[in-house]
Amino acid sequence: MKQSITISLLLISSVFLPASDRLSEAVGEMKYKAQLRYYTLHRSYDELVKNSAGSFDLHHKYQKNSHAVGGYFGFESATLHHLSIGSTLYTSQPIFHNPTDEGGLQLLKDNQDGYSVLGEAFAKWEYENTIVKVGRQLLTNYGFLSDHDIRMTPYTYEAAIFENRDFENITLRMAAVSGVKSLASTDYIDFVNASKDLLREVTVDRNPIRGDYNPAYFDSDRNYIGPQENLYLASIVYKDRQINFGLWNHYVVDFINIFYAIGSYTFQSGGFSNSVGVEWVKQDDVGEHVAGTINTYAYDMMVKSSYDNFTLQYVFSRVKYDESSLDGGTIIDEWGGAMLYCGMMYNGADQGGTTGHNLSLEYDFASYDLTLLLSAGSFDLPNKITDIFADQDNHEYDIIIKYRPKWSKKLEFKVEAAYIDFDTNYDFKAYEDLHGFDMLHAYDDIVDLRFIVNYTF
């Protein structure tokens, strides 16, 4: 893929260079984009720890903090013979006090160092309703691939994509993707290694690779050492004023096949604008089964109603629990944004066996340029003593405030806060005695606070 990027850019350059007047015209019509971003994130944990009798009732408080400034600058050339090139540089740098032992929040490197990355470098051919694009790029509406711009820099991908809109209200997409760059990373890695948090659990006894797989793909420490694998994608999306329906298939060679369907219907009732939506995800292992057995599904349902400046939404979600499947049936979505409607600031609602409920209320204070979003979520997880993948039930409460002043539509302020209250009544000691290893964690609560300023040119 890297060679194809270089070749594509050289071919485009050969179009521009022979005619100086064309080059001058192209430079003059270049499109530019830029953003400055400030971000501070504070997360505090109240963790349960063992006492001398082996019970989990002692509290250990610790925190993580990061403060960063950065953003991006990018361009796309004018089009000549339907061809253009583009590039975007992203950066995130520490500002103020960033203790090295409080990193890991993905605003900066884990050691709180800054970073810069060439997130886009592409060649694009566009003619009428068809786009072909090759190189490093954002993939904003590609199912399980998304920019997921929730930190300082987004997910970007090394890919070749094809989009077509010849049919009314229908978008066809295909893609071959060789690498993904996650939030605070500067490296593009393949889709098996991008899932290493599942393929190499710190609690190996709890989550070994299951089923029929090739052990030669793993070293003695359970690190994946097998071949790098690409992702291939195809989708069809229909969208009009009332209906939005999409079918997606993501296929990673010798790893996983993902079928994803999403649909919503919008209708008016008096002064109310209403929407209902459903999602369905099915994931299965394929080929050489490099991650062992994957056999899971998830679904959720959404109901939303808006009146004047109010919007009320309720979501129900369910993820299959399967102890024979990787990570107990957890939905693999490590390559971009969490897909389920029920996800919140902290919870992705994608863990195996999760039943989620989410109620949110949004109000637009138009005269004050403010938007207020309040959300409450309940997440029930497998919590029988006999469940290998048992985890704590929890409730999450979020508040998000956005301010976009009329005097500068380029400027945005966001304040976000989440409180996650975990069930502390679980018998952790009985679980440990039965299975011979600990649960993944034991929390009393977590508090997440964020302040973000964006200025987009």
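All values derive from a computational prediction rather than experimental measurement. (Residues numbered from 1 in each chain as written. Predicted model: local features only at pLDDT ≥ 70, side-chain atom pairs only at ≥ 80, totals over all residues. Heavy atoms only, no water.)

Draft legend 1. Focus on the confidence of the model for the chain. Within the chain, residue pLDDT values average 91, and 93% of them lie at 70 or more. Residue range residues 2-19 is modelled with pLDDT below 50. Its contacts to residues more than four positions away, or to other chains, number 24 contacts. (pLDDT = per-residue confidence, 0-100. Contact = heavy atoms within 4.5 Å.)

Draft legend 2. View of the environment of Asp433. Along the chain, the position of Asp433 falls in helix α4 (residues 428-435). As a C-alpha pair, Asp433 and Lys33 span 400 residues in sequence and 57 Å in three-dimensional space. (Helix = DSSP H or I, 4+ residues; strand = E, 2+ residues; numbered from the N terminus.)

Draft legend 3. Up close: the layout of surface pockets. The space that makes up the second largest pocket amounts to roughly 350 Å³. Lining the second largest pocket we find 21 residues, and of these Glu76, Glu120, Lys124, Lys133 and Leu138 sit closest to its centre. Elements supplying a minimum of two residues to the lining of the second largest pocket: β1 (31-50), β2 (56-76), β4 (115-127), β5 (130-137) and β6 (156-164). (1 Å grid on protein atoms, 1.4 Å probe; cavity = no way out; pocket = protein on both sides within 12 Å on 5 of 7 lines; lining within 4 Å. Points joined across faces, edges and corners; volume = space filled by probe spheres on them.)

Draft legend 4. Region of the structure containing the nonpolar core. In terms of nonpolar packing, the biggest core is built from 42 residues, with Leu145, Val177, Phe191, Phe255 and Trp335 touching the most fellow members. Of all the elements in the fold, those that place two or more residues in this core are β6, β7 (170-181), β8 (231-239), β9 (243-252) and β10 (256-269). Judged by nonpolar contacts, the second largest core, of 10 residues, contains Tyr39, Ala68, Leu105 and Leu108. (Core = buried A, V, L, I, M, F, W, Y, C linked by side-chain atoms within 4.5 Å. Buried < 20%, exposed > 50% of the residue type's maximum accessible area, 1.4 Å probe, protein only.)

Draft legend 5. The pattern of salt bridges, seen in detail. Evaluation of the coordinates by the stated rule reveals 18 salt bridges. Lys320 is paired through a salt bridge with Asp322; the nearest N and O atoms lie 3.4 Å apart. According to the relative accessible area criterion, Lys320 is buried, its value standing at 18%. The exposure class of Asp322 is buried, given its relative accessible area of 13%. A salt bridge links Lys406 to Asp369, with the shortest nitrogen-to-oxygen separation between them at 2.5 Å. With a gap of 37 residues between them, Lys406 in the loop between β16 (394-403) and β17 (411-422) and Asp369 in the loop between β14 (355-365) and β15 (370-380) connect regions that are remote in the sequence. The exposure class of Asp369 is buried, given its relative accessible area of 17%. (Salt bridge = Lys/Arg side-chain N within 4 Å of Asp/Glu carboxyl O.)

Draft legend 6. Examining the side chain of Asn274 more closely. Position of Asn274 among the secondary structure elements: in strand β11 (residues 272-285). Excluding residues that lie within four positions of it along the chain, Asn274 makes contacts with Tyr265, Thr266, Phe267, Gln268, Ser269, Lys304 and Ser305.

Draft legend 7. Spotlight on a nonpolar patch on the surface. Taken together, the side chains of Phe310, Leu312, Tyr314, Leu359, Leu361, Leu374, Ile399, Ile401, Val415 and Phe451 make up a nonpolar region of the molecular surface, amounting to roughly 790 Å² of accessible area. Those elements giving two or more residues to the nonpolar patch turn out to be β13 (310-319), β14 and β16. The element contributing the most residues to the nonpolar patch is β13, with 3 residues. In this structure, Leu312 sits in strand β13. (Patch = residues over 30% accessible without salt bridge, like charges linked within 9 Å, V, L, I, M, F, W, Y side chains within 5 Å. Areas by Shrake-Rupley, 256 points an atom, 1.4 Å probe, with all protein chains shown as cover.)

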